[in-house]
Amino acid sequence: MTKADRKVLLKAQQGELDAVLMYRAMADAVKRPKDARTFRQLAAEEGHHAAVFRKLTGQTLKPKKTMAIALPLLYKLLGRKRLYPLIAKGEYNAVKTYKPVAKKFPEVKSVKADERRHGDTVMQLLP
């Protein structure tokens, strides 16, 4: 594993851990039960992704609460129609970030595919 690979994997691991808290916070903040169920499911999947990256990095990281605090506030300020596309964009950006390491680490391929699906899932919550 190169230093560059390790850097990407650690950043990915941190992002997945942060996403767990973010999606849980969103599940508690949203008004529609379907949205809450979806965000809880996404939080569980992001937790699995973090475990995949932990196995690769061999490091235990702690999640940061920044997005878990910010996104529910943005939900109240912007509303779902403006916030959900931003969340989806974050998932789609993860696909691009994971692309180079997915070639070297096969277990990242399924995570990469899930991230695209997560973006699509969030967008499908919009009417």
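Look above for the structure.
This write-up is about the structure you can find in this document. These figures come from a predicted structure and were not determined experimentally.

## Digging into the nonpolar core
Here's step 1: Core analysis: the biggest nonpolar cluster contains 19 residues, and Y23, M26, F39, Y84, I87 and V122 have the highest contact counts within it.
Here's step 2: Of all the elements in the fold, those that place two or more residues in this core are α1 (3-29), α2 (33-57), α3 (66-78) and α4 (80-104).
Here's step 3: It is α1 that contributes the most residues to this core, five residues altogether.
Here's step 4: In this structure, V122 is in contact with Y23, F39, L42, Y84, I87 and A88, ignoring residues within four places of it in sequence.

## Describing the pattern of salt bridges
Here's step 1: With the rule as written, the count across this model stands at six salt bridges.
Here's step 2: In this structure, the salt-bridge partner of R80 is D35, at a minimum N-O distance of 3.4 Å. Linking R80 in helix α4 with D35 in helix α2, this pair joins segments that are 45 residues apart in sequence.
Here's step 3: Judged by relative accessible area, which is 14%, R80 ranks as buried.
Here's step 4: Put simply, R117 and E45 hold a salt bridge, and the shortest N to O gap is 2.7 Å. A residue pair is termed long-range when its members are at least 10 positions apart, and R117 in helix α5 (residues 107-124) and E45 in helix α2 qualify at 72 residues.
Here's step 5: Taken together, the shared-partner salt bridges connect R32, D35 and R80 into one network.

Analysis parameters
Residues numbered from 1 in each chain as written. Predicted model: local features only at pLDDT ≥ 70, side-chain atom pairs only at ≥ 80, totals over all residues. Heavy atoms only, no water. Core = buried A, V, L, I, M, F, W, Y, C linked by side-chain atoms within 4.5 Å. Buried < 20%, exposed > 50% of the residue type's maximum accessible area, 1.4 Å probe, protein only. Helix = DSSP H or I, 4+ residues; strand = E, 2+ residues; numbered from the N terminus. Contact = heavy atoms within 4.5 Å. Salt bridge = Lys/Arg side-chain N within 4 Å of Asp/Glu carboxyl O.

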